[in-house]
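What follows is each chain in one-letter form.
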Amino acid sequence: MVKVTIIGASGTVGKNVAFQLAKENVIDELILLSRQKSHQKVCGEVTDMYDALAAENIDSKLIPTYNIEDMVGSDIVLITAGVSRKNNMTRLDLAQINSKIIKNYSQNIAEYAPNSIILVVTNPVDVMTTIALEYSGFDKTKVIGLGNHLDSLRLKNLLAKHFDINSGEIHTRVIGEHGDHMVPLLSSTTIGGIPLKYFLKHQYLNINQMVEKLKKAAENIISKKGATEYGPSFAIGNLISTIVNDSRKILTVSTYLEGEIEGVCDVSLGVPVILCKDGIKEIVPISVESHEKNEFFDAAKTVKECTDKIRCMLNNS
Ligand code: NAP
């Protein structure tokens, strides 16, 4: 039996992931945990989802609750609770607010679901992944942040549209920070197994413009419709189904580094990993060009500075 808890189920990402997982029908029991004040909203969402699932003859079990103890026995706990960045907020402002929420829930998870895998979605996700790791006390293979997998899907989309090729033919990856310091690995991108550089000989691509578009992808969606929902939900669905099915796919997630990639230590960043039923099986060694390596170091510096400030704040509170 597979049990998944979504913390922050009243939010845009939380409820969309719930529906996505229910539709996939790979989870036996889905706990939709919210604050008490949002419980009625989640109950309404669940009733609405059941109506849709009946049309597909899917009998998923969805349990709306505000009782933290209902997560007992979860295999995976997803944290989507937290505020989104507003225009007047710096990344540190956001981290200060959300880290208190992540600290609290990570301690709850350690108490009520000590054998689970934690998936962190709340932003700034790389900083929050380290906070979840430290306050849950879990092994680092069990604490995973979503960010660069979504960025990689966005890059895949941009390349597919540019070359007018089925997106399934594009193999690409974004590592580093889920934010301004993301590092698109164009040097190792392939289309139909052929390195991108060969395509560039025949068809012009303004790489700087495309990378800028990639970095602004979330901002662009949020400015038009207020939030991102389908992209993150499907990206999280990929991670969860890979874990549940023990698929051992190579996906890019945020994980705490101890020198595995370019010697970077004591910071969580997006890197390719093999995902399996126990969480991260292995960080995949990558070979990058020197400018990509420098960008990765910049990402590490930026995220570590913010993480250290947050650690200090939480220690003193
Ligand atoms: P949202 O619609 O505003 O939902 C926020 C959720 O967090 C709600 O369930 C809310 O509960 C809960 N929450 C807020 N403050 C809380 C607190 N102090 N204690 C407990 N729960 C609290 O936001 P969203 O669009 O779902 O985004 C949620 C988070 O995911 C944000 O940090 C966002 O930046 C991040 N995100 C990350 C990615 C990624 O790729 N990593 C992608 C998209 C979004 P109430 O309903 O009770 O207020």
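For the structure itself, look to the data block above.
Scope of this entry: the structure provided in the associated data block. (Residues numbered from 1 in each chain as written. Predicted model: local features only at pLDDT ≥ 70, side-chain atom pairs only at ≥ 80, totals over all residues. Heavy atoms only, no water.)

Considering the sheet that holds strand β7 (residues 170-171)
Paired through backbone hydrogen bonds, the strands of a sheet run either parallel or antiparallel to each other. Strand order across the open sheet formed by three strands is β7-β10-β11, with antiparallel pairing between neighbours. The open sheet has two edge strands with one neighbour each: β7 and β11 (194-195). Inspection of the sheet shows strand β10 (residues 190-191) paired to β11 by two bridges, in the antiparallel sense. From the neighbouring strand, Ile 191 faces β11, where its bridge partner is Ile 194. (Pairing = 2+ DSSP bridges. Helix = DSSP H or I, 4+ residues; strand = E, 2+ residues; numbered from the N terminus.)

Some thoughts on the site of the ligand
Around the ligand, 24 residues are found, and the nearest of them are Ser 10, Ser 38, Gly 82, Val 83 and Leu 146. For the ligand, an oxygen atom lies 3.1 Å from a polar atom in the backbone of Gly 11. Between the ligand and the protein, one listed contact pairs an oxygen atom with a backbone N or O atom of Val 83 at 2.8 Å. Across the complex, the protein chains shield 81% of the 930 Å² of accessible surface that the ligand would expose by itself. Among the secondary structure elements, those contributing two or more residues to the shell around the ligand are α1 (12-24) and α3 (91-112). Considering each element in turn, the shell around the ligand owes the most residues, three residues, to α3. The residue inventory of the shell around the ligand, partitioned by class, reads nine nonpolar, 13 polar and two charged. (Near = heavy atom within 4 Å. Polar contact = N/O pair within 3.5 Å; in protein donor to acceptor, adjacent residues only side chain to side chain. Areas by Shrake-Rupley, 256 points an atom, 1.4 Å probe, with all protein chains shown as cover. Nonpolar A, V, L, I, M, F, W, Y, C, P; charged D, E, K, R; others polar.)

Thoughts on the environment of Val 42
Mapped onto the elements of the fold, Val 42 is located in helix α2 (residues 39-55). The exposure class of Val 42 is buried, given its relative accessible area of 0%. Between the alpha carbons of Val 42 and Tyr 66 there is a distance of 9.7 Å; along the sequence they are 24 residues apart. Setting aside anything within four residues of it in sequence, one finds Val 42 in contact with Ala 9, Ser 10, Leu 32, Ser 34 and Pro 64. (Buried < 20%, exposed > 50% of the residue type's maximum accessible area, 1.4 Å probe, protein only. Contact = heavy atoms within 4.5 Å.)

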